[in-house]
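# Observations on the three-dimensional arrangement
The chain contents come next:
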4 protein chains.
Amino acid sequence: MSNTFGSVFRATTFGESHGGGVGVVIDGCPPRLELSEADIQSDLDRRRPGQSSLVTQRQEADTAEILSGVFGGYTTGTPIGILVRNTDAKPGAYEHLKDVYRPSHADFTYNAKYGFRNWTGGGRASARETIGRVAAAAVARKLLRVGAGIEVLAWVRSVHEHVAEVDAATVSLDDVEAGPTRCPDVAVAERIAEAIEDARRDGDSLGGVVECVCRNVPAGLGEPVFDKLDARLGAAMMSLPAAKGIEIGTGFAATTMTGREHNDPFVPSVSGVDVRTNHSGGIQGGISNRADIVFRVAFKPTSTIASEQDTVTRSGEATTLEAKGRHDPCVLPRAVPMVEAMALLTLADHWLMQRSVDVLAPLLELP
Amino acid sequence: MSNTFGSVFRATTFGESHGGGVGVVIDGCPPRLELSEADIQSDLDRRRPGQSSLVTQRQEADTAEILSGVFGGYTTGTPIGILVRNTDAKPGAYEHLKDVYRPSHADFTYNAKYGFRNWTGGGRASARETIGRVAAAAVARKLLRVGAGIEVLAWVRSVHEHVAEVDAATVSLDDVEAGPTRCPDVAVAERIAEAIEDARRDGDSLGGVVECVCRNVPAGLGEPVFDKLDARLGAAMMSLPAAKGIEIGTGFAATTMTGREHNDPFVPSVSGVDVRTNHSGGIQGGISNRADIVFRVAFKPTSTIASEQDTVTRSGEATTLEAKGRHDPCVLPRAVPMVEAMALLTLADHWLMQRSVDVLAPLLELP
Amino acid sequence: MSNTFGSVFRATTFGESHGGGVGVVIDGCPPRLELSEADIQSDLDRRRPGQSSLVTQRQEADTAEILSGVFGGYTTGTPIGILVRNTDAKPGAYEHLKDVYRPSHADFTYNAKYGFRNWTGGGRASARETIGRVAAAAVARKLLRVGAGIEVLAWVRSVHEHVAEVDAATVSLDDVEAGPTRCPDVAVAERIAEAIEDARRDGDSLGGVVECVCRNVPAGLGEPVFDKLDARLGAAMMSLPAAKGIEIGTGFAATTMTGREHNDPFVPSVSGVDVRTNHSGGIQGGISNRADIVFRVAFKPTSTIASEQDTVTRSGEATTLEAKGRHDPCVLPRAVPMVEAMALLTLADHWLMQRSVDVLAPLLELP
Amino acid sequence: MSNTFGSVFRATTFGESHGGGVGVVIDGCPPRLELSEADIQSDLDRRRPGQSSLVTQRQEADTAEILSGVFGGYTTGTPIGILVRNTDAKPGAYEHLKDVYRPSHADFTYNAKYGFRNWTGGGRASARETIGRVAAAAVARKLLRVGAGIEVLAWVRSVHEHVAEVDAATVSLDDVEAGPTRCPDVAVAERIAEAIEDARRDGDSLGGVVECVCRNVPAGLGEPVFDKLDARLGAAMMSLPAAKGIEIGTGFAATTMTGREHNDPFVPSVSGVDVRTNHSGGIQGGISNRADIVFRVAFKPTSTIASEQDTVTRSGEATTLEAKGRHDPCVLPRAVPMVEAMALLTLADHWLMQRSVDVLAPLLELP
């Protein structure tokens, strides 16, 4: 469904960049989870604009209000409604976009689809839409931590041609949050920060790659055949604004390896079965194998740029456009919590789904 | 849902590599579409094993029987059941896999998930599972052609280090089907065929990239925010056996471009609005923009190889395994119709979905 | 899905009787529908408490705020978030219910399900939950009226032993809204009002039957086999608080008729095919046949009563309970807009669904 | 979804009364359940035609073949495909129905919906469609018995004006299967058998009521608010051919009781909390309360009768019709396994759903 993600842990988001607010209804969160607005706010704060000079200067507190589903500090099992008000909305600043399409933005396609569009700040196609996702994912994060010890962490792996060296097995949240770029390789982070500042000054924008690791995921998550864990992660990541690609484990580079090189040998371990290498990225046959799940998401350069571009008007005449308004010259730093959010929502859903698969295990011994 | 793909045009597949058969139930195909078993058989024939020396030597006629949903040569709007019997099943040939996990195959993860697995020929994790998808997609193909003139075509872009030069705008089905590799670049196709033969002789396997173009897709398909057309294509492709990555348009290469380079300028055209370049791959804001939809899928080398590999037994002891049985040294040639199938299922679903969005357009004029 | 109703026109509700508020997210409403808060408020006003001495004295303005999905007075096709704040919440008034189960209320079962419950005012099991439904249905009502001319009207057919004579073919909204009972038979309405006042004074409660007619529904709505229009109406009505039965057309009385008596003969008409009688209640084979859809819903007497009753505590000890707080001695008058709401949501969903069935009709002539 | 029932335990059915066959794909059945074709056949045998002179004389063995999802006698967790071939199909016998609508049958409405219909034997609207449901429910029955000790039993409570006295708490399968009417009240059963024979001779048909009890259902099943257990049962039962009403517990009779009379007092019991009466029919607030779930379904008289009736042709001209072909003069005896089937599918789904609600219970103690 269009604005709902998940089958068991279901997040339905709503809201545009301008209007009463944005938010989410979470349906299917188990009862008895200790939850407060502080649990949600910390992730929202990592996503919000105005954190540094590298990102959009829109000023939003992005304060979350829990409307329902929590009683006496615990989830009740009923829908958790969360609302974040829009405060720094300047609809007038977008008047010049009313009748013209920004190249590579969603202006033209929304108009083609709906015969109509909300032209203030991108409407539903604004990155502001992801607030609902991040809020829901903060609940998923707590559920997965408390229920299964699962941790999800993402970081900026590259911006433009600057590629970081990061060890997915050991990188920490502190490493990621050490600087405004969210690139844990300090030297590369510096070059990235400069490149983003240069792009902003130049009225241009940059893309890059976010990498993500999911640790302590039990073996067995993922549903063959269409809801394979990697298929669901694929949908989750490709649903993010500006995402144009995803690869799991060795990914595209695996296409130039042979089977002997790429296969991950199994080895005995004290806690069961381990893999000696992890080219599979923790997923085999669409199901988690207990190794770290590792994947990368490609983000194109921001389409809204402060440079003159050729385009057409709603009535089909050629024109040029130079975007005004506030925007990110590079979405990568703020994409990090969004990638984590979609991974968390995916894992929470699959972790709960697996309960109904396991149901006969304690009852029945196979011969 | 696990074994169902789609919201409006829904394909529910079933079946393992060994057992009574494999098939699909299509729910939501509109009535009045002329349909016969011949429409389905042509796509199944492109998918089936034993077509050439490059693929698995299992011999299966893969004959489709329509069980329901068609009357007097036309679809009735009720579920279309399609069954393909298994005939060349040799369960005994897999006895040596009963208690040991093939590295990077789904053996271990299925066992972890279900506490149990069908060890004959890969069970549900066999590529034979895709028969139901291809059969359903043959119906989608006809629906999209008759209803909207949409065409979907895929080909092998690379195997191992051999990368073809193919013009997505002009390549034809005849070009693709000219040789057993399904690579339309004749010179590269020859090198690919040799490389696959070498890998087979060497007990090894190869991966590669399939590229796909969807032509004549109207603007407006794709549902924000979680069912963006690229998100759904992402899920669709990542659900294929051995798929490890997908990228739309310029994809990962877009991460090293700037916004000025990557943005696709709009230009007026007789039939509406066109794009001058197509870095977006036909999708902007998750919605089709009338340009060709172009994407690439990465397939890892086949995990089942005829070489000795380290692994463990079900009881957790170290052992070695040399796979027997029939398998593809490279899935790429047969992955081509599978990629097309998933694109067709995705587009049919979104094309039908858009009907309920358009509903007020003929009635209401906006001011 | 638990808190989502519908497949194409989807309403996801949230909220408890006490807490930040209640509301709904509507996903799938077509774009270009003129919509304002006034469209929603009129239906909410018919549902809200405190309208007369016959219903609960809780005072709530129940003012709807549209948070998203409407721009410039028209729907945009993106999710419509609607919020109604709780204002007259008195959580302290329910302290005596914290550790004891009200007989035939949801207290015990929520506790059994969730291991925990929100004991203030019924929590999610409060009739206040239906605000989200009524708000969403107000949008559905406008869509169906503008798009198809469909009208839905319900009324109180009986309370306790007082059964009204109402002609479903001709009764009007004005007839229904003429008095506080919403029973359009004036003489019976008077007896019903007295009976409800008597029950209140006596610390008791009453049940009854709501009848509903859907007019101008085109033939062809309803999806065989599990989403038959009557099956979906069945689910819709039985999901209402206190509903214990539903019957379509002649319903249970049809079981004592013979086929010759019950069958509705078809007759030619200027506008196509009509039925001479309407024992089927407008639905045959699960699909609408253009006749009025008529059905009845049974509501049990309100379970919360101001009389001493035997019950048990959370720790399993026998006790007695006399409910305090504000409640309806008879839900029937306020159930009328709720029944309409669920019928409207059902019809909007099926009306939109039918678009994807019709898709080839304009293109293809059958031989 | 139209031809799919359930969210976790999902049954997708296909097939018409004439054509290759009918069947079902079950997705979501847990692995490790011992299952063979014999488990399915026993329920199919109770449903099949030709069992006695009271039902249609079509002769069908209705032999079930399991196509997939079972390995070595146990379910694998992958989709269970089940096929039943049509053998006694006589499409020619329906030629006279090609261009004329049987009153109160689905002929006209299918034509209105699809612009087209399969006129052989009712097509998808034939009761033969329920084979897939009964086959899937046989698997659900085994799952619920093995996993939770749940039992479901239905019987004929009335036919026309003959109403049986049956104690829902004690009636057994042997009582029900003692005679061809499936009415366990022997005296009334005799009168029912005579009435059905009379109706057949007279070219007429009869309706009636099936009653059903679900025993040993744990407290806590059912999902507020739209997937209440009674809402899902309502949809399930109203989706059966010829069903026109459902009531839970005291049902419509509850509307003439007062709250004091209707409320079920809670009483302490050794195993937890019990109810002294069961007017609620085992469901309160949409959730099971551990008491027997009891409900009744109204079936109209069979619409296909061997008497002359007024109707119209496809081209809209008045005509008369006297149905030929084989049909049931009263569906009640064969409706019994169908009602059980839909109850079993509903309960299996909710029982599995509850796994993901319970997930934190063993981990977390509330303060």
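I will try to describe carefully the structure that is included in this document. (Residues numbered from 1 in each chain as written. Chains lettered and ligands numbered in written order. Predicted model: local features only at pLDDT ≥ 70, side-chain atom pairs only at ≥ 80, totals over all residues. Heavy atoms only, no water.)

### Overview of the overall build of chain A
Across its full length, chain A holds eight helices and 18 strands. Since a compact globule built from 367 residues should have a radius of gyration of about 21 Å, the 21 Å found for chain A is in line with a globular shape. Its C-alpha atoms put chain A at 75 × 50 × 40 Å along the principal axes. A total of 367 residues make up chain A; the buried ones form 67% of that total. For chain A, the share of sequence-separated contacts (at least 6 apart) that also reach a separation of at least 24 residues comes to 71%. (Helix = DSSP H or I, 4+ residues; strand = E, 2+ residues; numbered from the N terminus. Rg over C-alpha atoms; globule rule 2.2 N^0.38 Å. Buried < 20%, exposed > 50% of the residue type's maximum accessible area, 1.4 Å probe, protein only. Contact = heavy atoms within 4.5 Å.)

### Quick word on the sheet that holds strand 1 (residues 4-5) of chain D
All names here are of chain D. Strands sit in the order 1-2-3-7-4 across an open sheet of five strands; the sheet is antiparallel. Single-partner strands in this sheet number two, and they are strand 1 and strand 4 (64-66). Judged from the five bridges that link them, strand 2 (residues 10-14) and strand 3 (residues 21-27) form a sheet pairing that is antiparallel. Paired with Ala 11 across the bridge in strand 3 is Ile 26. (Pairing = 2+ DSSP bridges.)

### Looking at the relation of the copies chain B and chain A
Expressed as a screw operation, the relation of chain B to chain A combines 0.0 Å of axial shift with a rotation of 180°, fitting to an RMSD of 0.0 Å. What the rotation and shift describe, once combined, is the action of a two-fold rotation axis. (Least-squares fit on C-alpha atoms with pLDDT ≥ 70 in both.)

### Things to note about the relation of the copies chain D and chain C
In the superposition of chain D on chain C (RMSD 0.0 Å, axial shift 0.0 Å), the rotation amounts to 180°. Comparing interface residues between copies, 100% of those in chain D also lie at the interface in chain C; the contact surface is shared.

### Overview of the packing of aromatic side chains
Applying the stated criterion across every chain, the model contains 34 aromatic pairs over all chains. With 6.4 Å between their ring centres and 45° between their planes, Phe 71 of chain B and Phe 116 of chain D make a pair best called tilted. With Phe 71 of chain B in strand 5 (residues 70-71) and Phe 116 of chain D in the loop between helix 2 (107-114) and helix 3 (130-148), this pair bridges two chains. Phe 71 of chain B gets classed as buried once you look at its relative accessible area, which sits at 18%. Taking relative accessible area as the criterion, Phe 116 of chain D reaches 11% and is therefore assigned buried. The rings of Phe 71 and Tyr 74 of chain A together with Phe 116 and Trp 119 of chain C are connected pair by pair, giving a single aromatic cluster. For Lys 113 of chain A, the ring lying beneath its charged end belongs to Tyr 114 of chain A, and the centroid distance is 5.8 Å. (Phe/Tyr/Trp six-rings, centres within 6.5 Å; stacked < 30°, edge-to-face > 60°. Lys NZ or Arg CZ within 6 Å of the ring centre and 35° of its normal.)

### Notes on the interface of chain D and chain C
Each partner contributes to the interface: chain D provides 104 residues, whereas chain C provides 104 residues. Both faces considered, chain D and chain C share a buried interface measuring about 8,000 Å² in area, 60% of it formed by carbon and sulfur atoms. It is Lys 113, Phe 226 and Lys 244 of chain D that lose the most area in chain D upon contact with chain C, and together they represent 11% of the buried surface on that side. Taken together, chain D and chain C are joined by eight salt bridges. The partner of Lys 113 of chain D in a salt bridge is Glu 223 of chain C, and the shortest N-O contact between them spans 2.9 Å. Classifying every residue of the side of chain D that touches chain C gives 45 nonpolar, 37 polar and 22 charged. When strand 11 (residues 243-248) of chain C meets strand 11 (residues 243-248) of chain D, the two strands line up antiparallel, connected through three bridges. Paired with Glu 247 of chain C across the strands is Gly 245 of chain D, a residue of strand 11 of chain D. (Buried area = accessible area lost by both parts, 1.4 Å probe. Salt bridge = Lys/Arg side-chain N within 4 Å of Asp/Glu carboxyl O. Nonpolar A, V, L, I, M, F, W, Y, C, P; charged D, E, K, R; others polar.)

### Quick look at the pairing of strand 10 (residues 208-215) of chain A
Residue and element names in this part refer to chain A. For strand 10, the buried fraction is high: seven of the eight residues fall into the buried class. Where strand 8 (residues 151-159) meets strand 10, eight bridges bridge the pair, whose relative direction is antiparallel. What sits directly across from Leu 153, in strand 10, is Val 213. As paired strands, strand 10 and strand 16 (residues 293-299) are joined by seven bridges and run antiparallel to one another. Its bridge partner lying in strand 16, Gly 208 is registered against Phe 299.

### As for the interface of chain B and chain A
Facing 104 residues of chain B, the contacting portion of chain A comprises 104 residues. Both faces combined, the contact of chain B with chain A buries some 8,000 Å², and carbon together with sulfur accounts for 60% of it. Taken as a group, Lys 113, Phe 226 and Lys 244 of chain B account for 11% of the area that chain B buries against chain A, more than any other trio of residues on that side. Linking chain B with chain A are eight salt bridges. Our count for the chain B to chain A interface comes out at 55 residue pairs in polar contact (both at pLDDT 80 or more). (Polar contact = N/O pair within 3.5 Å; in protein donor to acceptor, adjacent residues only side chain to side chain.)

### Topic: the packing of helix 3 (residues 130-148) of chain A against helix 8 (residues 332-357) of chain A
All names here are of chain A. For the pair helix 3 and helix 8, interaxial distance at closest approach is 8 Å and the crossing angle is 50°. Compared by their axis directions, helix 3 and helix 8 come out oblique. Every pair of crossing elements has a handedness; the one defined by helix 3 and helix 8 is left-handed. Here Thr 130, Arg 133, Val 134, Ala 136, Ala 137, Ala 140, Arg 141, Leu 143, Leu 144, Gly 147 and Ala 148 of helix 3 come into contact with helix 8, specifically with Pro 337, Met 338, Glu 340, Ala 341, Met 342, Leu 344, Leu 345, Leu 347, Ala 348, Trp 351 and Leu 352. (Axes fitted to C-alpha atoms, helices over the stretch in contact; angles between N-to-C directions. Parallel < 35°, antiparallel > 145°, perpendicular 65-115°, else oblique. Left-handed = near helix turned anticlockwise from the far one by under 90°.)

### Focus: the pattern of salt bridges
All names here are of chain C. Scanning the entire structure with this criterion turns up 116 salt bridges over all chains. Arg 145 serves as the salt-bridge partner of Glu 151, at 3.9 Å between the closest nitrogen and oxygen. We classify Glu 151 as partly exposed; its relative accessible area is 37%.

### Thoughts on the environment of Val 267 of chain B
Assignment of secondary structure puts Val 267 of chain B in strand 12 (residues 266-269). Sequence spacing of Val 267 of chain B and Thr 277 of chain B is 10 residues, and the spatial spacing of their C-alpha atoms is 9.9 Å.

### Observations regarding helix 2 of chain D
Two residues of an α-helix separated by three or four positions point the same way, owing to the 3.6 residues in each turn. Within helix 2 of chain D, seven of the eight residues are buried, which leaves it mostly tucked inside the rest of the structure. Among the residues trailing helix 2 of chain D, Gly 115 of chain D stands out with phi positive, at a value near 70°.

### Looking at the packing of helix 1 (residues 37-47) of chain C against helix 3 (residues 130-148) of chain C
Residue and element names in this part refer to chain C. The interhelical angle for the contact between helix 1 and helix 3, taken along N-to-C directions, is 135°, at an axis separation of 8 Å. Considering their axes alone, helix 1 and helix 3 lie oblique with respect to each other. In this structure, the crossing between helix 1 and helix 3 has a hand that is right-handed. Residues Asp 39, Ile 40, Asp 43, Leu 44, Arg 46 and Arg 47 of helix 1 form the contact with helix 3, whose participating residues are Thr 130, Ile 131, Val 134, Ala 135, Ala 138, Val 139, Arg 141 and Lys 142.

### Here we look at the pairing of strand 2 (residues 10-14) of chain C
Residue and element names in this part refer to chain C. Within strand 2, five of the five residues are buried, leaving the element largely enclosed by the surrounding structure. In strand 2, alternate side chains face the same way, and those of Arg 10, Thr 12 and Phe 14 on one face and Ala 11 and Thr 13 on the other are all buried. When strand 1 (residues 4-5) meets strand 2, the two strands line up antiparallel, connected through two bridges. Its bridge partner lying in strand 2, Phe 5 is registered against Ala 11. Counting the residues that bridge the hairpin from strand 1 to strand 2 gives four residues, and of these Gly 6 lies at a positive phi of roughly 105°. Between strand 2 and strand 3 (residues 21-27), which follow one another and run antiparallel, lie six residues, and Gly 15 among them has a positive phi close to 115°.

### As for unusual backbone geometry
Going from Pro 224 of chain A to Val 225 of chain A, the amide bond is cis rather than trans, its omega being 0°. Structurally, Val 225 of chain A can be placed in the loop between strand 10 and helix 6 (229-238). At Asp 62 of chain C, a position not held by glycine, the phi torsion is positive, near 50°. Along the chain, Asp 62 of chain C turns up in the loop between helix 1 and strand 4 (64-66). Of note in this structure, His 160 of chain D is not a glycine but carries a positive phi near 50°. Its location among the elements puts His 160 of chain D in the loop between strand 8 (151-159) and strand 9 (162-163). Overall, His 160 of chain D belongs to the buried group, its relative accessible area being 18%.

### Here we look at the sheet that holds strand 2 (residues 10-14) of chain B
Residue and element names in this part refer to chain B. A sheet is described by the order of its strands in space; here five strands give the open sequence 1-2-3-7-4, paired in antiparallel fashion. The open sheet has two free edges, formed respectively by strand 1 (4-5) and strand 4 (64-66), since each of these has just one partner strand. Across the sheet, helix 1 (residues 37-47) lies against strand 4 and strand 7 (80-85), angled at about 150° from strand 4, the strand it touches most. On top of the sheet, helix 3 (residues 130-148) reaches strand 2, strand 3 (21-27) and strand 7; it is set at about 35° to strand 3, its chief contact.

### Considering the environment of Asp 88 of chain D
Looking at the element boundaries, Asp 88 of chain D is found in the loop between strand 7 (80-85) and helix 2. Note: C-alpha distance between Asp 88 of chain D and Asn 111 of chain D (23 residues apart in sequence) is 25 Å.

### Some words on the environment of Thr 319 of chain B
Residue and element names in this part refer to chain B. Within the element layout of this structure, Thr 319 appears in strand 18 (residues 318-322). Counting along the chain gives 210 residues from Thr 319 to Thr 109, while the straight-line C-alpha distance between them is 18 Å. Discounting residues that sit within four places of it in the chain, Thr 319 has contacts with Val 100, Gln 309, Asp 310, Thr 311, Val 312 and Thr 313.

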